[in-house]
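Residue-level structural notes
One-letter residues, chain by chain:
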Amino acid sequence: MNAILENKPAAAPNRTRRRLPTELSIFLVLIGIGLVFEMFGWIMRDQSFLMNSQRLVLMILQVSIIGLLAIGVTQVIITTGIDLSSGSVLALSAMIAASLAQTSDFARAVFPSLTDLPVWIPVVAGLGVGLLAGAINGSIIAMTGIPPFIATLGMMVSARGLARYYTEGQPVSMLSDSYTAIGHGAMPVIIFLVVAVIFHIALRYTKYGKYTYAIGGNMQAARTSGINVKRHLVIVYSIAGLLAGLAGVVASARAATGQAGMGMSYELDAIAAAVIGGTSLAGGVGRITGTVIGALILGVMASGFTFVGVDAYIQDIIKGLIIVVAVVIDQYRNKRKLKR
């Protein structure tokens with residue numbers, strides 16, 4: 001008996017390792033980046049990067065607009081889609097909302113008979129434009145089956161063209177105080193955080209979120225289980241468009257003007273924020289909390305590079321490299337999941 005017990009193979013060691021939650025890991029990266037710029041600030045500029053309240057406020061205000069787009073884009077990516085039109089839809093929404101928010105003091109108003117309107121009218125108009133653009137994106141993708149990349153690329157070009165055509169390239173200015181108040185102070189940040197909380201809850205605790213993750217995880221299985229995939233895709237893209245419209249309203253209110261060039265390349269920043277925040281381009285994985293942190297990382301990096309004097313073109317190169325690295329990490333993570 002002793003011999004048998006002695007020859008019994010030892011139990012396999014427990015190789016499971018406790019891993020940090022994805023959001024916590026990304027947050028630690030955010031802290032690390034901030035500390036790096038703090039160090040470079042003292043070395044190169046002899047001043048603090050993190051302790052400058054004005055710089056941090058400007059950074060957070062800018063992040064709030066990108067963040068609104070990123071929240072919508074995150075939901076689209078979870079369904080294995082992509083949205084390249086959010087920046088252009090922002091510009092179109094900003095132009096139309098601003099044109100309805102002009103005061104009668106301006107002699108060259110876009111619509112002289114529609115000045116001094118109640119603030120809710122331009123806001124609803126901006127949101128409606130975004131919602132319509134998103135619904136068109138979703139309908140084209142769901143009904144025709146063409147790749148989301150192509151459908152939203154077409155909307156990106158069309159919306160930007162419409163924004164320029166709307167006033168023949170002229171900016172829209174002299175907006176009412178009640179409208180510009182939407183972009184004053186901490187209001188953009190409050191709007192961003194409220195929207196983030198709403199969609200964090202929606203994705204995590206509602207049927208909408210379950211359907212979104214199910215479609216991204218396995219679209220065919222989602223259909224088999226009774227989910228109306230086409231209708232849900234239209235809803236997801238409509239929400240992304242609605243948030244782009246909201247971002248357009250906030251951006252034009254903050255700048256007190258509407259311009260066709262607003263939101264240029266913002267769609268890439270939104271996608272980058274989502275991917276850096278842990279949203280998988282393969283679909284089925286992603287959280288709003290991670291996207292919020294991803295947007296903050298982009299904001300800290302942009303502000304930090306400007307702080308230490310890095311050329312704007314070099315910043316774009318570095319941002320591109322970060323996106324590629326984030327996608328490579330995502331692919332590596334997916335391969336490990338398949339092996340397990």
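Cut-off values and rules
- Residues numbered from 1 in each chain as written.
- Predicted model: local features only at pLDDT ≥ 70, side-chain atom pairs only at ≥ 80, totals over all residues.
- Heavy atoms only, no water.
- UniProt positions renumbered as here; feature names shortened; annotations may be inferred.
- Helix = DSSP H or I, 4+ residues; strand = E, 2+ residues; numbered from the N terminus.
- Buried < 20%, exposed > 50% of the residue type's maximum accessible area, 1.4 Å probe, protein only.
- Contact = heavy atoms within 4.5 Å.
- Areas by Shrake-Rupley, 256 points an atom, 1.4 Å probe, with all protein chains shown as cover.
- Lys, Arg positive; Asp, Glu negative; His and termini not counted.
- Charge placed at Lys NZ, Arg CZ, Asp CG, Glu CD.
- Phe/Tyr/Trp six-rings, centres within 6.5 Å; stacked < 30°, edge-to-face > 60°.
- pLDDT = per-residue confidence, 0-100.
- Patch = residues over 30% accessible without salt bridge, like charges linked within 9 Å, V, L, I, M, F, W, Y side chains within 5 Å.
- Salt bridge = Lys/Arg side-chain N within 4 Å of Asp/Glu carboxyl O.
- Core = buried A, V, L, I, M, F, W, Y, C linked by side-chain atoms within 4.5 Å.
- Axes fitted to C-alpha atoms, helices over the stretch in contact; angles between N-to-C directions.
- Parallel < 35°, antiparallel > 145°, perpendicular 65-115°, else oblique.
- Left-handed = near helix turned anticlockwise from the far one by under 90°.
- Nonpolar A, V, L, I, M, F, W, Y, C, P; charged D, E, K, R; others polar.

The protein goes by ABC transporter permease in an unreviewed UniProt entry, where it is assigned to Pseudomonas thivervalensis. In UniProt, the protein has this text filed under Sequence similarities (unreviewed entry): "Belongs to the binding-protein-dependent transport system permease family. AraH/RbsC subfamily." Annotation of the protein in UniProt includes, under Subcellular location (unreviewed entry), the sentence "Cell inner membrane".

1. A look at the overall build of the protein
For the protein, the helix and strand inventory stands at 14 helices and 0 strands. The N-to-C order of helical and strand elements in the protein reads α-α-α-α-α-α-α-α-α-α-α-α-α-α. Seen through its C-alpha atoms, the protein measures out along the principal axes to roughly 105 × 60 × 30 Å. Expressed as a percentage of its 340 residues, the buried residues of the protein come to 47%. A separation of at least 24 residues holds for 78% of the contacts in the protein among residues at least 6 apart in sequence. In the form shown here, the protein has an accessible surface area of approximately 17500 Å², with 66% of it arising from carbon and sulfur atoms. Of note, the protein has its 25 positive side-chain charges centred 18 Å away from the centre of its 14 negative side-chain charges.

2. Quick word on the packing of aromatic side chains
Here the distance between the centres and the angle between the planes together describe a pair of aromatic rings. A full pass over the atoms with the stated rule returns 4 aromatic pairs. A centroid spacing of 5.6 Å and a plane angle of 50° characterise the contact between Phe37 and Phe49, whose relative ring orientation is tilted. In this pair, Phe37 is assigned in helix α2 (residues 22-45) and Phe49 in the loop between α2 and α3 (53-78), connecting sequence segments 12 residues apart. Summarising the burial analysis for this pair, Phe37 and Phe49 share the class buried. A centroid spacing of 5.3 Å and a plane angle of 90° characterise the contact between Phe37 and Phe305, whose relative ring orientation is edge-to-face. Taken together, the residues span a long stretch of sequence, with Phe37 in helix α2 and Phe305 in helix α13 (residues 288-308) at a distance of 268 residues. Neither Phe37 nor Phe305 differs from the other in exposure class; each is buried. Three or more aromatic residues joined by ring pairs form one cluster here, namely Phe37, Phe49, Phe305 and Phe307.

3. Points about unusual backbone geometry
Note: most peptide bonds trans; most residues except glycine with negative phi. Phi is positive for Ala256, which is not a glycine, with a value near 60°. Looking at the element boundaries, Ala256 is found in the loop between α11 (229-255) and α12 (266-276). On the basis of relative accessible area, Ala256 is assigned to the partly exposed category, the value being 35%. Even without glycine at this site, Ser265 takes up a positive phi of about 70°. According to the relative accessible area criterion, Ser265 is partly exposed, its value standing at 35%.

4. Looking at the confidence of the model for the protein
Taken as a whole, the protein shows an average pLDDT of 88; of its residues, 93% reach a score of 70 or greater. Here residues 1-16 scores under 50 on pLDDT; set against residues more than four positions off or in separate chains, the count is 0 contacts.

5. A few points about a nonpolar patch on the surface
A cluster of nonpolar side chains, Leu132, Ile136, Ile140, Ile146, Phe149 and Ile150, forms an exposed patch at the surface whose accessible area comes to about 500 Å². Those elements giving two or more residues to the nonpolar patch turn out to be α5 (120-144) and α6 (148-166). It is α5 that provides the largest number of residues to the nonpolar patch, a total of 3 residues. Turning to its location among the elements, Ile150 is positioned in helix α6. In this structure Ile150 comes out as partly exposed when scored by relative accessible area, which is 46%.

6. Some thoughts on the nonpolar core
The biggest cluster of nonpolar side chains holds 89 residues, and the ones touching the most others in it are Leu68, Ile71, Leu90, Tyr179, Val195, Phe199 and Ile297. For this core, the element with the most residues is α11, which contributes 14 residues. Leaving out residues up to four positions away in the same chain, Val195 has contacts with Leu68, Ile71, Leu243 and Leu246.

7. Brief notes about the packing of α5 against α11
Where α5 meets α11, the axes come as close as 6 Å, and the angle between the chain directions of the two elements is 150°. Here α5 is positioned roughly antiparallel relative to α11, judged by the angle of their axes. Of the two elements, α5 crosses α11, and the hand of that crossing is right-handed. Here the residues of the contact of α5 with α11 are counted per class, giving 13 nonpolar, 9 polar and 1 charged.

8. Quick look at the UniProt feature "transmembrane region" (unreviewed entry) in the protein
Per the UniProt record, "transmembrane region" (unreviewed entry) is found at residues 24-44, 56-78, 90-111, 117-136, 148-167, 179-203, 233-256 and 292-310. Strand forms 0% of residues 90-111 and helix 45%; the C-alpha atoms that close the span are 21 Å apart. For residues 117-136, the end-to-end C-alpha separation is 28 Å, with 85% helix and 0% strand making up the annotated structure.

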